[in-house]
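Commentary on secondary and tertiary structure
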Amino acid sequence: MSILSLRSPFLRGKRRFADLSDKEILALAIASEEEDSRIYAAFASNLRNGYPDSAAIFEGMAAEEDQHRRSLTDRYQRLYGDAIVPLTREQVADFYPRNPVWLIENLGLKRIRQEVFEMERESQKFYELAAQKAKNPETRELLDYLGRSETAHEAMAEKLTARHLRDEKGAREDLAFRRQFILTWIQPGLAGLMDGSVSTLAPIFAAAFATQNPWTTFLVGLSASVGAGISMGFTEASHDDGKISGRGAPWKRGLASGVMTTVGGLGHALPYLIPDFWTATVLALVVVFIELWAIVWIQNRYMETPFLRATFQVVLGGALVLAAGILIGGA
């Protein structure tokens, strides 16, 4: 059940970074530099009115990324011809995709800094590993140079934000710690909680209204929750090794995802240990309400998803799945 829901689309049809050829590494680097250039240009546009100096810096960073893209393209075309392999971050399992520009175009300077740190650290790791993997000496030299350039970008972003955020002592370390905590524990745990809470609603409540037997319903909920937890845990752990994405050890992410998936499902399965069917069902519905709002709060608190959008996505989606289970079970 779970492996076909939230996480498995990240795995289907994806390549592992370790399996990429020199040609594919260059193609991936070209697409990545083009995307980063567009993102920096969006940052510059967003900051132009309030922070014109910082906007100018981001414009320069966008231009430099575009120059990197041209250098990579020239190298690719000399070695492999004009037809560039269409390969992006989203098609490589070891990458954690960038946030779409439309999600970050209205961010403030502090949040932009966090995005820049994430982008540059991931790019630096990519170029370091790509340079080690590249067989062509000139290609390896170019990738190594680009890795050092990404480090300079990160330092530049730190300077421009410090200009406007002078009272933030130790902000860089705090930011790195928060980012690592979110990527390693919160994000996979949230994905697991969403999957466990939402995807098990239909089978549990379908079983409940089809049998009106609390013990049978509990067994269905227990099996669905544990099975989903195992599936989500292994799926998250096998998603990437964390070397490029910086998302932390696979076993930590798998543990967070697996445990929270199981907890999310068991939350509304445990009330069916109560012998009375309607008492158990009412209590289960109360638990579902609490679970969905807890997900909304976590999304808003840690993932910075706007409250109304998180409410619409989670509560409405959960309500539809719940209704489907009740209707099917009562048919």
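Every value quoted in this text rests on a predicted model; they were computed, and no experiment measured them. (Residues numbered from 1 in each chain as written. Predicted model: local features only at pLDDT ≥ 70, side-chain atom pairs only at ≥ 80, totals over all residues. Heavy atoms only, no water.)

1. Topic: the packing of helix 10 (residues 277-302) against helix 11 (residues 307-330)
Contact pair helix 10 / helix 11: the axes reach a minimum separation of 9 Å and the direction vectors enclose 150 degrees. Classified by the angle between their axes, helix 10 and helix 11 sit roughly antiparallel to one another. For the pair helix 10 and helix 11, the sense of crossing is right-handed. Only Phe307, Ala310, Thr311, Gln313, Val314, Val315, Gly318 and Leu322 of helix 11 make contact with helix 10, whose side of the interface consists of Leu285, Leu292, Trp293, Ile295, Val296, Gln299 and Asn300. Residue classes in the contact of helix 10 with helix 11 are distributed as 10 nonpolar, 5 polar and no charged. (Axes fitted to C-alpha atoms, helices over the stretch in contact; angles between N-to-C directions. Helix = DSSP H or I, 4+ residues; strand = E, 2+ residues; numbered from the N terminus. Parallel < 35°, antiparallel > 145°, perpendicular 65-115°, else oblique. Left-handed = near helix turned anticlockwise from the far one by under 90°. Contact = heavy atoms within 4.5 Å. Nonpolar A, V, L, I, M, F, W, Y, C, P; charged D, E, K, R; others polar.)

2. Topic: a nonpolar patch on the surface
A cluster of nonpolar side chains, contributed by Trp215, Leu219, Leu222, Val226, Ile230, Phe234, Leu270 and Leu273, occupies part of the molecular surface with about 770 Å² of accessible area. One can find Leu270 in the loop between helix 9 (250-267) and helix 10. The partly exposed category is assigned to Leu270, whose relative accessible area is 43%. (Patch = residues over 30% accessible without salt bridge, like charges linked within 9 Å, V, L, I, M, F, W, Y side chains within 5 Å. Areas by Shrake-Rupley, 256 points an atom, 1.4 Å probe, with all protein chains shown as cover. Salt bridge = Lys/Arg side-chain N within 4 Å of Asp/Glu carboxyl O. Buried < 20%, exposed > 50% of the residue type's maximum accessible area, 1.4 Å probe, protein only.)

3. Let's talk about the confidence of the model for the protein
When the pLDDT values of the protein are averaged, the result is 83; 85% of them are 70 or greater. Within the protein, the element-level pLDDT minimum falls on helix 3 (residues 101-104), averaging 61, and the maximum on helix 7 (residues 201-211), averaging 93. Counted against residues more than four places away or in other chains, residues 1-11, with its pLDDT under 50, gives 26 contacts. (pLDDT = per-residue confidence, 0-100.)

4. What about the pattern of salt bridges?
Scanning the entire structure with this criterion turns up 11 salt bridges. With its nearest N and O atoms 2.4 Å apart, the salt bridge here joins Arg48 to Glu59. You can see Arg48 sitting in the loop between helix 1 (22-47) and helix 2 (52-80) and its partner Glu59 sitting in helix 2, a full 11 residues away along the chain. A relative accessible area of 39% places Arg48 in the partly exposed class. In this structure, Asp66 and Arg69 form a salt bridge, with 3.0 Å as the shortest nitrogen-oxygen distance. Taken together, the residues Asp66 and Arg69, both in helix 2 and 3 residues apart, mark about one turn of the helix.

5. Observations concerning empty space enclosed by the protein
As enumerated under the stated definition, the model contains 1 cavity of 30 Å³ or more in all. If you add up the space inside the largest cavity, you get close to 50 Å³. Lining the largest cavity are Ala29, Ser32, Glu33, Asp36, Arg89, Phe95, Arg98, Glu122, Ser123, Phe126, Tyr127 and Glu150. Put simply, the parts of the chain that give the lining of the largest cavity at least two residues each are helix 1 and helix 4 (109-133). Residues of the lining of the largest cavity, tallied by class, amount to 4 nonpolar, 2 polar and 6 charged. (1 Å grid on protein atoms, 1.4 Å probe; cavity = no way out; pocket = protein on both sides within 12 Å on 5 of 7 lines; lining within 4 Å. Points joined across faces, edges and corners; volume = space filled by probe spheres on them.)

6. Section: the packing of helix 8 (residues 214-237) against helix 9
Packed helices, taken two at a time, are described by their axes: the angle between them and the distance between them. Packing of helix 8 against helix 9 leaves a shortest axis separation of 7 Å and a crossing angle of 160 degrees. For the element pair helix 8 / helix 9, the angle class is roughly antiparallel. Read as a crossing pair, helix 8 and helix 9 show a hand that is right-handed. The segment helix 8 lies against helix 9, with Leu222, Ser225, Val226, Ala228, Gly229, Met232, Gly233, Glu236 and Ala237 engaging Pro250, Arg253, Gly254, Ser257, Gly258, Thr261, Thr262, Gly265 and Leu266. Of the residues in the contact of helix 8 with helix 9, the class split is 7 nonpolar, 9 polar and 2 charged.

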